[in-house]
Amino acid sequence: MNKKIGVKILGTGSYFPKKVLTNTDLEKMVDTSDEWIRTRTGIKERRISEKNETTSDLAYLASLEALKSSNISPEQIDLILVATITPDMFFPSTACFLQKKLGLNFVPVFDLSAACSGFIYGIATARAFIESGLYKTVLLVGAESLSKITDWTDRNTCVLFGDGAGAMLLSASEENDNILSTYLGADGAYSELLFIPGGGSANPATVETVNQKLHTMKMQGKDVFKAAVPKMALAARKALELSGKKLENINLFIPHQANMRIIEAVAKKLDISMDRVFVNIHKTGNISSATTITALDEAIKTGRVKSGDLVEMVAFGGGFTWGASVVRI
Ligand code: ACO
């Protein structure tokens, strides 16, 4: 019988645009206050990409960092996946633009759309491809330019989001099996609680759709909040069960960084003390599919987790989608 192919995490990387937008800056743009934003969300500042900086630019710079930490050459990559809801264009995929920037012509590539759960969906996909024996080394990226789909006159949403990218390299391994579990879920019944109505086949772009601001994010924040907490707790429990590990075995929980109050409520539901929960939302805001991977990268680079530690990542997002994964660093 053939030995099961294991999946090794070779390395991670992140990139954030240089421009910082603080809550004080936002006070000058909409009727809000630093105090309101901090107490309701935990966010103090977020990074914003330049006009001419694309999602694939952020993805490329995060990928270079991941390559550096992995000690492999780009030519070893045989599949590229990009999780994003802010692609450079409808098509080609952002993964195509990233492939070109990396000079990896002919490597198969595609984008994944699962909103804030995108990176967890990406881990599950990369793992399946590697375990099946189809591909050996996968570059998986979560990258977003949410500032470009934000209505900067809507205080309900514009204070929440930011831009950034994170990348992970995963490879087939005989010795290691770093992805202990992945659990995914979705419920399309709630698609209109968090969405962009315009631009697709439902409402193709017209002068009217632009005037009605249908090309920017619309969100029922309270309903999203209510759904996010139980679903993130459920996903965390399921992935833990699938991993065969216990809550006390997990060294660090990395929840999707959407809102500090969601993070605290999920930790409370799971009975995890906040000192075991990674939080960086104060300086990033919500960067959708890039949150869990950039948080993991920061946790690794700052020594918050070390080689051999168990980490559980949990996410929830538009769709609704949700997912969790237990990984060994
Ligand atoms: N500044 C000042 N006041 C504001 C702002 C703002 N930026 N935004 C909204 N308000 C006002 C509202 O207009 C409302 O005023 P009103 O009572 O006069 O109508 C008041 O504040 C309270 O609004 P609520 O919606 O009740 O505020 P809530 O406590 O629910 O917090 C928030 C809003 C932060 C959006 C919260 O619902 C939330 O975090 N939801 C989750 C949304 C989320 O994270 N989405 C991201 C994508 S999904 C994901 O990643 C999980």
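Calculation criteria
Residues numbered from 1 in each chain as written. Predicted model: local features only at pLDDT ≥ 70, side-chain atom pairs only at ≥ 80, totals over all residues. Heavy atoms only, no water. Domains from an automatic or database assignment. Contact = heavy atoms within 4.5 Å. Buried area = accessible area lost by both parts, 1.4 Å probe. Salt bridge = Lys/Arg side-chain N within 4 Å of Asp/Glu carboxyl O. Polar contact = N/O pair within 3.5 Å; in protein donor to acceptor, adjacent residues only side chain to side chain. Helix = DSSP H or I, 4+ residues; strand = E, 2+ residues; numbered from the N terminus. Axes fitted to C-alpha atoms, helices over the stretch in contact; angles between N-to-C directions. Parallel < 35°, antiparallel > 145°, perpendicular 65-115°, else oblique. Left-handed = near helix turned anticlockwise from the far one by under 90°. Nonpolar A, V, L, I, M, F, W, Y, C, P; charged D, E, K, R; others polar. Near = heavy atom within 4 Å. Areas by Shrake-Rupley, 256 points an atom, 1.4 Å probe, with all protein chains shown as cover. Pairing = 2+ DSSP bridges. 1 Å grid on protein atoms, 1.4 Å probe; cavity = no way out; pocket = protein on both sides within 12 Å on 5 of 7 lines; lining within 4 Å. Points joined across faces, edges and corners; volume = space filled by probe spheres on them. Buried < 20%, exposed > 50% of the residue type's maximum accessible area, 1.4 Å probe, protein only.

Caption draft 1: Here's a closer look at the domain arrangement of the protein. The assigned domain composition of the protein is domain 1 (6-176) and domain 2 (180-328). Of note, the centres of domain 1 and domain 2, computed from C-alpha atoms alone, are 14 Å apart. At the interface, 49 residues of domain 1 touch 48 residues of domain 2. Buried surface at the junction of domain 1 and domain 2, both sides included, amounts to about 3,700 Å², of which 63% is carbon and sulfur. Interface area lost by domain 1 to domain 2 is led by Cys116, Ile120 and Tyr121, which between them contribute 18%. Where domain 1 packs against domain 2, one counts one salt bridge. Lys213 is the salt-bridge partner of Asp151, the closest N and O atoms lying 3.7 Å from each other. Across the contact surface, domain 1 and domain 2 share 22 residue pairs in polar contact (both at pLDDT 80 or more). Put simply, the parts of the chain that give the side of domain 1 that touches domain 2 at least two residues each are β1 (6-15), α2 (34-41), β3 (45-48), α5 (118-132), β6 (137-145), α6 (155-158) and β7 (163-173). Ranked by the residues each element gives to the side of domain 1 that touches domain 2, the list is headed by α5, at seven residues.

Caption draft 2: Seen up close, the packing of helix α3 (residues 55-70) against helix α4 (residues 94-102). Contact pair α3 / α4: the axes reach a minimum separation of 9 Å and the direction vectors enclose 55°. As judged from the angle between their axes, α3 and α4 are oblique. Seen from above, α3 lies across α4 with right-handed handedness. Taken together, the residues of α4 that come into contact with α3 (itself represented by Thr55, Ser56, Asp57, Ala59, Tyr60, Ser63, Leu64 and Leu67) are Thr94, Phe97, Leu98, Lys101 and Leu102. Class assignment for the residues of the contact of α3 with α4 results in seven nonpolar, four polar and two charged.

Caption draft 3: Main features of the site of the ligand. The immediate surroundings of the ligand are formed by 23 residues, with Thr32, Arg40, Lys222, His256 and Asn259 found nearest. At 3.0 Å, a side-chain N or O of Asn286 approaches an oxygen atom of the ligand. Bound to the protein, the ligand loses 77% of the 1,000 Å² it would expose on its own. Contributing elements (two or more residues each) for the shell around the ligand: α2, α6, α8 (221-243) and α9 (260-270). Looking at the shell around the ligand, the element that brings in the most residues is α8, giving four residues. Of the residues that make up the shell around the ligand, three or more belong to each of domain 1 (6-176) and domain 2 (180-328).

Caption draft 4: Representation of the sheet that holds strand β8 (residues 179-186) within the structure. Across the sheet, four strands lie side by side as β8-β13-β12-β11; this open sheet has mixed pairing. At either end of the open sheet lies a strand with only one pairing partner, and these are β8 and β11 (252-255). In this sheet, neighbouring strand axes are inclined to one another by 10° on average, regardless of whether the strands run parallel or antiparallel. Sitting on the sheet, α8 is in contact with β8, β11, β12 (310-317) and β13 (321-328), with an inclination near 145° to β12.

Caption draft 5: Layout of empty space enclosed by the protein. For the structure on display, the rule yields one cavity of 30 Å³ or more. Considered as a void within the structure, the largest cavity measures approximately 60 Å³ in volume. Taken together, Phe253, Pro255, Ile263, Val266, Ala267, Leu270, Ile272, Val277 and Val314 make up the lining of the largest cavity. Elements represented by at least two residues in the lining of the largest cavity include exactly β11 and α9. Among the elements that line the lining of the largest cavity, the one with the most residues is α9, at four residues. Residues belonging to the lining of the largest cavity are distributed by class as follows: nine nonpolar, no polar and no charged.

Caption draft 6: Fine view of the side chain of Thr182. Secondary-structure assignment places Thr182 in strand β8. Given the relative accessible area of 18%, Thr182 is considered buried. A polar contact is formed between the side chain of Thr182 and the side chain of Arg127, at a distance of 3.3 Å. Apart from the residues lying within four places of it in its own chain, the contact partners of Thr182 are Ile123, Ala124, Arg127, Leu242, Ala324 and Ser325.

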